[in-house]
Amino acid sequence: MSSSDSTYFQSYFDVFVHELMIKDKPRTDAYLKAIKENQHVFKDKVVLDVGCGTGILSFFAAKYGLAKKVYAVEASEMAKYASLFVEHNGLEDVIEVIEGKIEDIQLPIEKVDIIISEWMGFYLLHEGMLESVLYARDKYLDKVNGLLFPSKACIYMSPCEMNDLYKERVEFWNDVYGFDMSAAIPLAMETLARKPYVECIKQEQLLLKIPIIIKELNLMTITNEDLQFIQCECYIQLEDNNIKQQNCIHGFCVWFDVLFEPKEVILSTSPNAAPTHWKQTIIMLPQPLEIPKSGKLPKTILTMTPSDVNPRHYDISIDIPEAFAEEEEDYDLKDLIMKQFLNQEDEDSMQDDEEEEINNNEEEEKQQ
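Now for a look at the structure at hand.

## Here's the deal with the overall build of the protein chain
Argument step 1. Secondary structure assignment for the protein chain yields twelve helices and 14 strands.
Argument step 2. Nonlocal contacts in the protein chain, meaning residues at least 24 apart in sequence, comprise 76% of its contacts between residues at least 6 apart.

## Topic: the nonpolar core
Argument step 1. Membership of the largest hydrophobic core comes to 88 residues, with the highest contact counts inside it found for L48, I95, L124, L125 and L217.
Argument step 2. Per element, the largest residue contribution to this core is six residues, and it comes from strand β10 (residues 248-260).
Argument step 3. Apart from residues lying up to four places away in sequence, L125 is in contact with L130, I155, L217, L227, I230, M304, R312 and Y314.
Argument step 4. In this structure, C154, I185, L206 and W255 belong to the second largest nonpolar core, which totals 17 residues.

## With respect to the pairing of β10
Every other side chain in a regular strand lies on the same face of the sheet, so the side chains alternate between the two faces.
Argument step 1. Among the 13 residues that make up β10, 13 are buried, leaving the element largely enclosed by the rest of the structure.
Argument step 2. Looking at chain direction, strand β6 (residues 152-160) and β10 are connected through nine bridges and run antiparallel. Each bridged residue has a counterpart across the sheet, and for A153 the counterpart in β10 is V258.
Argument step 3. Examined bridge by bridge, β10 and strand β12 (residues 280-290) share six bridges and lie antiparallel to one another. Of the residues in β12, the one forming a bridge with I249 is L289.
Argument step 4. Pairing analysis gives four bridges linking β10 to strand β11 (residues 265-268), with the strands arranged antiparallel. Residue pairing for β11: F260 is matched across the bridge by V265.
Argument step 5. Connecting β10 to the antiparallel partner β11 that follows it, the hairpin turn spans four residues.

## Focus on the sheet that holds strand β14 (residues 314-319)
Sheet strands associate in pairs through backbone hydrogen bonding, adopting either a parallel or an antiparallel arrangement.
Argument step 1. Spatial ordering of the open sheet is given by β9-β13-β14, a layout of three strands whose pairing is antiparallel. The two strands at the open ends of the sheet, each matched to only one other strand, are β9 (230-234) and β14. Averaged over neighbouring strand pairs, the angle between their axes works out to 5° when direction is ignored.
Argument step 2. Examined bridge by bridge, strand β13 (residues 300-306) and β14 share six bridges and lie antiparallel to one another. Its bridge partner being in β14, T303 is matched across the sheet by S317.

## Focus on a nonpolar patch on the surface
Argument step 1. On the surface, F13, Y81, L84 and F85 cluster together into a nonpolar patch covering about 330 Å² of accessible area.
Argument step 2. Summarising the element assignment, L84 is placed in helix α6 (residues 78-88).
Argument step 3. Overall, the relative accessible area of 37% leaves L84 in the partly exposed class.

## Brief notes about the packing of aromatic side chains
Argument step 1. Evaluated as defined, the whole model comprises eight aromatic pairs.
Argument step 2. Aromatic side chains Y156 and W255 sit 5.9 Å apart centroid to centroid with 25° between the ring planes, which places their arrangement in the stacked category. Linking Y156 in strand β6 with W255 in strand β10, this pair joins segments that are 99 residues apart in sequence.
Argument step 3. Judged by its relative accessible area of 17%, Y156 falls in the buried class.
Argument step 4. Classification of W255 by relative accessible area gives buried; the value is 5%.
Argument step 5. Joined through ring pairs, the aromatic side chains of Y31, F42, F149 and F260 make up one cluster.
Argument step 6. We note K36 situated over the ring of Y64; from NZ or CZ to the ring centre the distance is 4.7 Å.

Rules of the game
- Residues numbered from 1 in each chain as written.
- Predicted model: local features only at pLDDT ≥ 70, side-chain atom pairs only at ≥ 80, totals over all residues.
- Heavy atoms only, no water.
- Helix = DSSP H or I, 4+ residues; strand = E, 2+ residues; numbered from the N terminus.
- Contact = heavy atoms within 4.5 Å.
- Core = buried A, V, L, I, M, F, W, Y, C linked by side-chain atoms within 4.5 Å.
- Buried < 20%, exposed > 50% of the residue type's maximum accessible area, 1.4 Å probe, protein only.
- Pairing = 2+ DSSP bridges.
- Axes fitted to C-alpha atoms, helices over the stretch in contact; angles between N-to-C directions.
- Patch = residues over 30% accessible without salt bridge, like charges linked within 9 Å, V, L, I, M, F, W, Y side chains within 5 Å.
- Areas by Shrake-Rupley, 256 points an atom, 1.4 Å probe, with all protein chains shown as cover.
- Salt bridge = Lys/Arg side-chain N within 4 Å of Asp/Glu carboxyl O.
- Phe/Tyr/Trp six-rings, centres within 6.5 Å; stacked < 30°, edge-to-face > 60°.
- Lys NZ or Arg CZ within 6 Å of the ring centre and 35° of its normal.

Structure follows, in structure tokens:
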């Protein structure tokens, strides 16, 4: 097992992490509703739960889906507790817990009818667990009638305002106990933009009524190769009322939905939906982007690629090539410091030249 895998699975041997997820009602209730409303496809079927954790989804499949058999696979040591939970609830005849990575174990059956898994991370793909689900799909899911729960996913994006955050973390430096520390503002903006900001924001902070679709995923057909490079290039037109109410954009908000079928149930992490532990992911800009009077933003490119440092994480970037072309240098901290350093060197050099010239003139006067 790789070090990133070992760290990842160890992080799930934490009872409070599982408490957090189970208490996330929109998340847990969506899975329960999807199984209850699709009992007709679960009844008397063989189910595989990938990354079962406490086994809660396996319990739902057994009790409310009336599944014939459920294989609950868990790579962390939480598998031992899942086995105890199964025993304490008298479900040993239906649920079998298997400890290990889905890639490393062998099920005692060739094919399953349904794969259920809660694999989603921040901005959908953080944690990289989808690859394990796709592995299980390709190896074990019935090719003709097999079902995935969820079966589809979609990543969305909208420009947003973060006025409160900006006042709290950036404009704060304008007046610190009566002292002007505004020189720290470029550093504060650069620090905010350095990594995604995970928080629940309000619907009214979004500057688009209809969000941009970054990526639609059909989980029955998508491949791991499709997840190695995700890019969305778009031209965004803001509505008139947003232009009047807000004069700049602070960042871009990213969230996701997943869909359960055949009887449709949607689990949404949108700012417009009930809050979940995934919240939303905000990619802050290195400086506010002024909204043109037309409301039309320059070409915007969002790119997502697996991190070189940890393949379970993604590097996310927002590129607006035409937006900061003239002002970019002013806000590049490294360039700013180097510019100040070089300017100081120039000033010192000029001062040395002036002093040398004065000394030369004084020497000439003495000789005369």
